[in-house]
Amino acid sequence: MASAPDIPDPLPTRTDVLIVGAGPAGLTLAAGLSQLGVDHVLIDRGSMVRPGSKAAAVQPRTLEYLERIGVSARLVQAGAQGRGFRLHDCEDTLLTATYEGLDTPYPYVLLISQQTTEEHLARRLGELGGVVHRDHTFLEMAPDFPGVTATIAGPDGVLRALSARYVVGCDGVHSAVRTAAGIGFPGQAHEQLFAIADVRLGPGTDAVPKEDTTFFLSPDGMLLVSPLAGGQHRIVGRASGPAAPTADDVEMMLADRGPRTGDIRVKEVVTASTYRVQERVAERFRDGPVFLVGDAAHTHSPAGGQGMNAGIQDAGNLAWKLHAVLTGLAPCELLDSYHRERHPIAAGLVAFTSQFAKLANVRDPLAGGLRNRVLAAAGAVPGFAGWITAKLSQLDLGYSQEPDHGAPRVGGRVPPRLVPSAGLRWTLALPGGEVPEPPTEHGVLAVRHVPGLGTPLLVRPDGYLAAHGVPAASAVVLDRLSQYLPLNPTR
Ligand SMILES: Cc1cc2nc3c(=O)[nH]c(=O)nc-3n(C[C@H](O)[C@H](O)[C@H](O)COP(=O)(O)OP(=O)(O)OC[C@H]3O[C@@H](n4cnc5c(N)ncnc54)[C@H](O)[C@@H]3O)c2cc1C
């Protein structure tokens, strides 16, 4: 697939926003800024989209955001739809968490390799007029009030200076931007190594659930078996050593920790590696003109398929805010809300995935048996599986401080069923109409009439509620937009 045109040169000498790193987070941010018409430069030290599947699951909330920048339909076409998650004790199902019935246009886990996701993001970026300056490495930066001047090594080895009003580090776990800004990355790296293999299974495949990602909980440790796009399966479990698992290793993991009913054979190991889980959250997601997005800001266990998804939503949170500040629609303080909103989400994800990993990896047979009975009992409690799917699908994530009375809350997600997406515009949703109609556009605002709505709603460009009970006149709302911004630290 053609990706965004790669231009070796020239690198501009100034920009409003320098984005370092063209992984999923950087590409999403660049596509959003391109769509909003914000001047930016995106660099990556790599010469191409990295091959490999890494993040193999795109969550519904991510697809809701990616629809706003015109990427979701293609991803859905390219991927496979997983039904949800299961926890198993050998072949006994302890708990099933299905995405079917979730209040979203995307009630499934989209199974698609990270490489394909990145290729689609890069292609969309190209369509929006954006480019990736590949083979360009960020080295350091110096204050250059009110922004910074970054030093970038080009493909020819020549160092270039680039002045930027803002710099966004989307450069992954070992972020050079984070280091240059002196932002701490506290947390821990676990001793335990995990083996990950994307394989084609042969005889015995019927023993693993076809549509669900399944966590087999056993005294030998947790084993994850997940269908992938293209008929492959991902197998993840404790590694016995640093070497990448072979087909024999994977077969042994399946025999020891997976379903006992089948003698599952591995036809082909497509990719395999080992990794060590780190759980870290950056101290600050913003420091003056510097922002951290994606793995540069947070990292945790990949089990549960959350990391890339969180990074894409960081980018969605930041894109409209940078646009609003750079175009004078909002005061600079709006940018502080990026840390205020996204840091607790990241900290919550790290805590959730860490607790889940601890629970899944209980080794003591007595404690494991008790855990399995508790999980089976919890799975039978109405609402428990729904709570888990809301969490994993990231549909329950939001920034609301208001009590939940069932109606959209300020800072809470507005389901697209209620107010459909209007790209990266603000949406003024007005009660009225028989059927949903296409929006009319008033500058940065789209106005929609929504059947059955009780009160006018103002929805942020990233799909969260800015205010309810707003005036019905678009000109008045535009005039008062600053009143509806998340500027207040207590909100
Ligand atoms: C084995 C594995 C399985 C995973 N499974 C899942 C999953 O199922 N679901 C999920 O959501 N997440 C998963 N993740 C996590 C996911 O892969 C990451 O969260 C995601 O890649 C982070 O995206 P990013 O854009 O923040 O950073 P990255 O993908 O790390 O991209 C950073 C980019 O910055 C560039 N860069 C770095 N330094 C510089 C520099 N100095 N100058 C210029 N460019 C630079 C790099 O070349 C790279 O392109 C998994 C991770 C692993 C390792």
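Residues numbered from 1 in each chain as written. Predicted model: local features only at pLDDT ≥ 70, side-chain atom pairs only at ≥ 80, totals over all residues. Heavy atoms only, no water.

Trainee: I'm lost on the site of the ligand in this one. Help?
Mentor: Close contacts around the ligand come from 30 residues, with Asp 44, Gln 114, Phe 138, Asp 295 and Met 308 the closest. Within the side chain of Gln 114, an N or O atom sits 2.8 Å from an oxygen atom of the ligand. The fraction of the free accessible surface of the ligand (1000 Å²) that becomes covered by protein chains is 88%. Within the residue set of the shell around the ligand, elements represented by two or more residues are α1 (24-36), β9 (137-144) and α7 (307-326). In terms of residues, the shell around the ligand owes the most to one element, α7, which gives three residues. The residue inventory of the shell around the ligand, partitioned by class, reads 12 nonpolar, 11 polar and seven charged. (Near = heavy atom within 4 Å. Polar contact = N/O pair within 3.5 Å; in protein donor to acceptor, adjacent residues only side chain to side chain. Areas by Shrake-Rupley, 256 points an atom, 1.4 Å probe, with all protein chains shown as cover. Helix = DSSP H or I, 4+ residues; strand = E, 2+ residues; numbered from the N terminus. Nonpolar A, V, L, I, M, F, W, Y, C, P; charged D, E, K, R; others polar.)

Trainee: Is there a simple way to think about the sheet that holds strand β19 (residues 298-299) in this case?
Mentor: Within a sheet, neighbouring strands are paired by backbone hydrogen bonds and run either parallel or antiparallel to one another. The eight strands are arranged β6-β5-β13-β14-β15-β12-β16-β19 in an open sheet whose pairing can be described as mixed. The outermost strands of the open sheet, each flanked by one partner alone, are β6 (92-98) and β19. One ladder, built from 12 bridges, connects strand β12 (residues 187-201) with strand β16 (residues 266-281); its direction is antiparallel. Residue pairing across strands places Gly 187 opposite Arg 280, the latter belonging to β16. Most of the contacts of helix α8 (residues 336-360) go to β16, to which it runs at about 120°, and overall it touches β5 (84-89), β13 (212-216), β16 and β19. On top of the sheet, helix α9 (residues 365-380) reaches β5 and β6; it is set at about 45° to β6, its chief contact. (Pairing = 2+ DSSP bridges. Contact = heavy atoms within 4.5 Å. Axes fitted to C-alpha atoms, helices over the stretch in contact; angles between N-to-C directions.)

Trainee: I'm lost on α7 in this one. Help?
Mentor: Helical periodicity: at 3.6 residues per turn, an α-helix aligns residues three or four positions apart in one direction. The end-to-end C-alpha distance of α7 is 29 Å, a good match for the 28 Å that 20 residues give at a rise of 1.5 Å each. Here α7 lies mainly inside the structure; 19 of its 20 residues are buried. Of the residues one or two after α7, Gly 328 is the one with positive phi, at around 80°. (Expected span 1.5 Å × (residues − 1). Buried < 20%, exposed > 50% of the residue type's maximum accessible area, 1.4 Å probe, protein only.)

Trainee: Would you take a moment to explain the state of the cysteines for this structure?
Mentor: By definition, a disulfide links two cysteine residues through a covalent bond between their sulfur atoms. Counted under the stated rule, the structure contains zero disulfides. In this structure Cys 332 is not part of a disulfide, and its nearest cysteine sulfur, from Cys 170, lies 20 Å away. Here Cys 332 falls in the partly exposed class, since its relative accessible area comes to 38%. (Disulfide = S-S within 2.5 Å.)

Trainee: Would you take a moment to explain the pattern of salt bridges for this structure?
Mentor: When their charged atoms lie close together, side chains carrying opposite charge are able to pair. Scanning the model with the defined rule gives 25 salt bridges in all. Taking the shortest distance from any N to any O, the salt bridge between Arg 265 and Asp 263 comes out at 3.1 Å. The class for Asp 263 is exposed, based on a relative accessible area of 54%. Close ionic contact of Glu 283 with Arg 284 constitutes a salt bridge, the shortest N to O distance being 3.7 Å. Among the residues examined, Glu 283 registers a relative accessible area of 42% and is labelled partly exposed. (Salt bridge = Lys/Arg side-chain N within 4 Å of Asp/Glu carboxyl O.)

Trainee: Would you mind going over unusual backbone geometry with me for this structure?
Mentor: Note: most residues except glycine have negative phi, and most peptide bonds are trans. Between Phe 145 and the following residue, Pro 146, the backbone shows a cis peptide bond with an omega angle of 5°. For Pro 146, the position within the fold is in the loop between β9 and β10 (147-153).

Trainee: Can you walk me through the nonpolar core in this structure?
Mentor: Within the largest apolar cluster, 87 residues are counted, with the highest numbers of intra-cluster contacts made by Leu 18, Leu 29, Val 168, Leu 322 and Leu 458. Considering every element that reaches this core, the biggest residue donor is α7, with nine residues. A domain split of this core shows at least three residues from each of domain 1 (14-56 + 113-185 + 282-349) and domain 3 (401-491). Apart from residues no more than four positions distant in its own chain, Leu 322 is found in contact with Val 17, Leu 33, Tyr 166, Val 168, Phe 291 and Leu 335. With 26 residues, the next largest nonpolar core counts Ala 57, Leu 95, Leu 111 and Ala 360 among its residues. (Core = buried A, V, L, I, M, F, W, Y, C linked by side-chain atoms within 4.5 Å. Domains from an automatic or database assignment.)

Trainee: Explain the pairing of β5 here, please?
Mentor: When a strand is regular, its side chains alternate between the sheet's two faces. Most of β5 sits inside the fold, with five of its six residues counted as buried. As defined by bridge partners, β5 adjoins β6 across six bridges and the pair is classed as antiparallel. Bridged to Gly 84 within β6 is Thr 98. Connecting the antiparallel pair β5 and β6 is a turn made up of two residues, with Cys 90 showing a positive phi of about 50°. Pairing of β5 with β13, which is carried by five bridges, proceeds in the parallel orientation. When the bridges of β13 are listed, His 88 appears paired with Phe 216.

Trainee: Help me understand the packing of helix α2 (residues 60-68) against α7 in this model?
Mentor: Two packed helices can be described by the angle between their axes and the distance between those axes. For the pair α2 and α7, interaxial distance at closest approach is 9 Å and the crossing angle is 35°. In the crossing of α2 with α7, the sense of the turn from one axis to the other is left-handed. On α7, the residues touching Arg 61, Thr 62, Tyr 65 and Leu 66 of α2 are Asn 309, Ile 312, Gln 313, Gly 316 and Ala 319. Looking at side-chain class alone, the contact of α2 with α7 contains four nonpolar, four polar and one charged residues. (Left-handed = near helix turned anticlockwise from the far one by under 90°.)

Trainee: Could you clarify how one ought to interpret helix α10 (residues 384-392) in this entry?
Mentor: Every buried residue of α10 is listed here: Ala 385, Ile 388, Thr 389 and Leu 392. Along the axis of α10, the buried positions cluster into a sector of 95°, meaning they face one direction only. In the core, the buried residues of α10 are packed alongside β5, β6 and α8. Directly after α10, the chain includes Gln 394, whose backbone phi takes a positive value near 65°. (Arc of directions from axis to C-beta.)

Trainee: Which parts of the structure should I look at to understand the side chain of Arg 61?
Mentor: Locating Arg 61 in the fold gives a position in helix α2. The exposure class of Arg 61 is buried, given its relative accessible area of 3%. A distance of 3.0 Å separates the side chain of Arg 61 from the backbone oxygen of Asp 462, its partner in a polar contact. Not counting the four nearest positions on each side in its chain, Arg 61 is found in contact with Gln 313, Ser 393, Gln 394, Leu 395, Arg 413, Asp 462, Gly 463 and Tyr 464.

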